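Analysis of the macromolecular model
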Amino acid sequence: MSPVVTRVAIVGAGPAGFFAAEALLKSGDPVAIDLINRLPAPYGLVRDGVAPDHQAIKSVARVYAKILARDEVRYFGNATLGRDLSVDDLRARYDQIVYAVGAQSDRRLGIPGEDLRGSHAAFDFVAWYNAHPDFRDQRFGLDCEHVVVIGNGNVAIDVARILVLSRGRLARTDIADHALEALRGCGVKRVTLLGRRGPAQASFTNPELREFGRLDGVCAEVDGAELELDAASEAEIEGNAVKTRNMATLRAYAKSACEEGDRVVRFRFLVSPVEVVGEGGRVTGVRIERNRLVAAEDGYLRAEGTGDTEVVPCGMVIRSVGYRGVPLPGVPFDERRGIVPNEGGRVVRAGEGGGAVAGAEGVAGVEVVPGEYVVGWAKRGPSGVIGTNKADAAATVALMREDRGGGVVAGGGGGRREEGDLAELLRRRGVRWVDVGGWGRLDAVETERGNAQGRPRVKFCTVGEMLGAAGVVDQGLGG
């Protein structure tokens, strides 16, 4: 007798989704996996979030391609949950459902002037220069000389670097053509990054920070006085290799001198934006308040305003204070944290007794949604690097395997799903989806376009162009 194959739907084909598929394939249990993705092209942030000049990081896509090539895996690109199919459609066809949708919006500052013209979310800017179809028509005022980037993580550093990188170097990357053209006329000469806490608490990694010291025509600038650490910060970096290297790099920048004509990236610490100021509805600067570090009861060093303020003049503000998830139709959502509420990866919702689901783990008044799981940023919030999702996915898949052994399936029913194949459902609804073969064709065309220009690839920037390159025709019953 053949072993029972577990049918799994993974919603989202970014790093978290692929690492979940990899863990399922390695579990030893027979599985059939359908990866369902909103955009025609897979790989999520590897394609749409990683900076175009960081091709080495994108090489993880080769691992994902091997997963797509497995007989147990199918790909459904350009199929959107909530538009083309519902959660109930999935519950009727799969034994287990995994939500791997990431964090698809930005966190707001909540300060006056945040919505002035010239104030943008880093999420939008990154998606724009990475050819995400939803952001193809965004416009950014790149004719200004000074940009303020609010945030002290790797996304903030990526944004600053793209703004000052030589146009010749950008032209050798897979940056979107529309962004390359706009940046060729970029007038930005200075970028200031604002961190609300001190340099010891900055969340960027050292290779990204060090890179500013190796860019032609770019100078990194730091006020040495802002690198003086209190005792608690000194203790925080002790034994922490990343923070120790960051401090050494920043101190080296503080001692270096900028040359005339350099594009300058300045790091400022212990300052918080309290208002985006403007004139005529457009950004003219950012009012910042000087902070001091105060130890909370749990030892966390939080920033506390001192009342000392100043205005940093600028022509554009890019807010990089974190990403957050957005609700999926029919799926529980923790509005406060911006994640799918879960216990270790099992999706939970408020039970009959009500109660909040924030944090979820060990909270009374919640119940587990049978057969439904979450991985990646949608599970834990936007933290870690791409590789962090591998262990995260493996932990969720371990719970999935445990539940399979206990007969827990999506929808709460028992036995096999008998409602027909997903491909049949999408075809009946006239959805033009991209399968593995279609992605292969799209990938080949983009790569060939890139080879002709000495670039890794030249991306298509609209869904229509992607579907055309993939060779997708009308999937309807009469098509």
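**Remarks on the overall build of the protein chain**
Counting its regular elements, the protein chain contains 17 helices and 18 strands. In terms of overall size, the protein chain behaves like a compact globule, its C-alpha atoms giving a radius of gyration of 24 Å where 479 residues would be expected to give roughly 23 Å. In terms of overall dimensions, the protein chain has C-alpha extents of about 75 × 55 × 45 Å along its principal axes. For the protein chain, with 479 residues in total, the buried portion stands at 54%.

**Side note on the environment of A20**
Residue position: A20 is located in helix α1 (residues 15-26). For A20, a relative accessible area of 0% puts it in the buried group. On a C-alpha basis, the gap between A20 and S59 in space is 18 Å, while along the polypeptide they are 39 residues apart. Apart from the residues lying within four places of it in its own chain, the contact partners of A20 are I10, V375, A393 and V397.

**Things to note about the packing of aromatic side chains**
Scanning the model with the defined rule gives 15 aromatic pairs in all. Seen in terms of ring centroids, Y43 and W439 are 5.5 Å apart; in terms of plane orientation they differ by 85°. Their pairing is edge-to-face. Within this pair, whereas Y43 is found in the loop between β2 (31-37) and α2 (45-48), its partner W439 is found in helix α16 (residues 436-451), the two being separated by 396 residues in sequence. Ring plane angle 40° and centroid distance 5.8 Å describe the contact between F76 and W433, whose orientation is recorded as tilted. Residue F76 is found in strand β3 (residues 73-77), and its partner W433 is found in the loop between α15 (422-428) and α16; the two are separated by 357 residues along the sequence.

**Quick look at the sheet that holds strand β11 (residues 271-279)**
Pairing in this open sheet of three strands is antiparallel, and the strands run β11-β12-β13 from one edge to the other. At either end of the open sheet lies a strand with only one pairing partner, and these are β11 and β13 (301-313). Ignoring which end each strand starts from, the neighbouring axes of this sheet average 20° apart. With 10 bridges connecting them, strand β12 (residues 282-295) and β13 associate as antiparallel partners. Considered in β13, the bridge of V286 is made with V312.

**Quick notes on the state of the cysteines**
One pass over the full model with this rule turns up one disulfide. Just so you know, C186 is unpaired, no disulfide at all, and the nearest cysteine sulfur is the one on C144, 7.2 Å from it. Distance from the sulfur of C461, which forms no disulfide, to the nearest cysteine sulfur (C186) is 19 Å. On the basis of relative accessible area, C461 is assigned to the buried category, the value being 8%.

**Description of helix α4 (residues 61-68)**
When α4 is considered as a whole, its buried residues turn out to be A61, Y64, I67 and L68. The buried residues of α4 all sit within an arc of 110° when viewed along its axis, so they share a single face. Every exposed residue of α4 that faces more than 90 degrees away from the buried side is listed here: R62 and K66.

**So, empty space enclosed by the protein**
Using the criterion set out here, one finds one cavity of 30 Å³ or more in the structure. In this structure, the largest cavity spans a volume of roughly 50 Å³. Around the largest cavity, the lining residues are V101, G102, G325, V326, P327, L328, P332, F333, G338, I339, V340 and A378. Within the lining of the largest cavity, the residues separate by chemical class into nine nonpolar, three polar and no charged.

**Re the nonpolar core**
F125, L142, L163, F212, V265, F267 and I318 are the most contacted members of the largest nonpolar core, which has 56 residues in total. Apart from the residues within four sequence positions on either side, F267 is in contact with I157, L193, F204, L209, F212, A220, E221, V222, E226 and L250. Grouped together as the second largest cluster of nonpolar side chains are 42 residues, V8, A20, L25 and Y75 included.

**Description of the side chain of R455**
Along the polypeptide, R455 turns up in the loop between α16 and α17 (463-470). Here the side chain of R455 touches T173 through a polar contact of 2.7 Å, landing on its backbone oxygen.

**So, the packing of α16 against α17**
Viewed as axis vectors pointing N to C, α16 and α17 meet at an angle of 105°, and their least axial separation amounts to 7 Å. Classified by the angle between their axes, α16 and α17 sit roughly perpendicular to one another. In this structure, α16 uses G438, R441, L442 and V445 to contact α17, whose residues at the interface are M466, A469 and A470. Of the residues that constitute the contact of α16 with α17, the class distribution is five nonpolar, one polar and one charged.

**A word on unusual backbone geometry**
Even without being a glycine, A131 presents a positive backbone phi close to 70°. Along the chain, A131 falls in the loop between α6 (122-129) and β7 (146-150). Given the relative accessible area of 1%, A131 is considered buried. A positive phi angle, close to 55°, is found at L270, a residue other than glycine. Residue placement: L270 occurs in the loop between β10 (263-268) and β11. Given the relative accessible area of 15%, L270 is considered buried.

What counts and how
- Residues numbered from 1 in each chain as written.
- Predicted model: local features only at pLDDT ≥ 70, side-chain atom pairs only at ≥ 80, totals over all residues.
- Heavy atoms only, no water.
- Helix = DSSP H or I, 4+ residues; strand = E, 2+ residues; numbered from the N terminus.
- Rg over C-alpha atoms; globule rule 2.2 N^0.38 Å.
- Buried < 20%, exposed > 50% of the residue type's maximum accessible area, 1.4 Å probe, protein only.
- Contact = heavy atoms within 4.5 Å.
- Phe/Tyr/Trp six-rings, centres within 6.5 Å; stacked < 30°, edge-to-face > 60°.
- Pairing = 2+ DSSP bridges.
- Axes fitted to C-alpha atoms, helices over the stretch in contact; angles between N-to-C directions.
- Disulfide = S-S within 2.5 Å.
- Arc of directions from axis to C-beta.
- 1 Å grid on protein atoms, 1.4 Å probe; cavity = no way out; pocket = protein on both sides within 12 Å on 5 of 7 lines; lining within 4 Å.
- Points joined across faces, edges and corners; volume = space filled by probe spheres on them.
- Nonpolar A, V, L, I, M, F, W, Y, C, P; charged D, E, K, R; others polar.
- Core = buried A, V, L, I, M, F, W, Y, C linked by side-chain atoms within 4.5 Å.
- Polar contact = N/O pair within 3.5 Å; in protein donor to acceptor, adjacent residues only side chain to side chain.
- Parallel < 35°, antiparallel > 145°, perpendicular 65-115°, else oblique.

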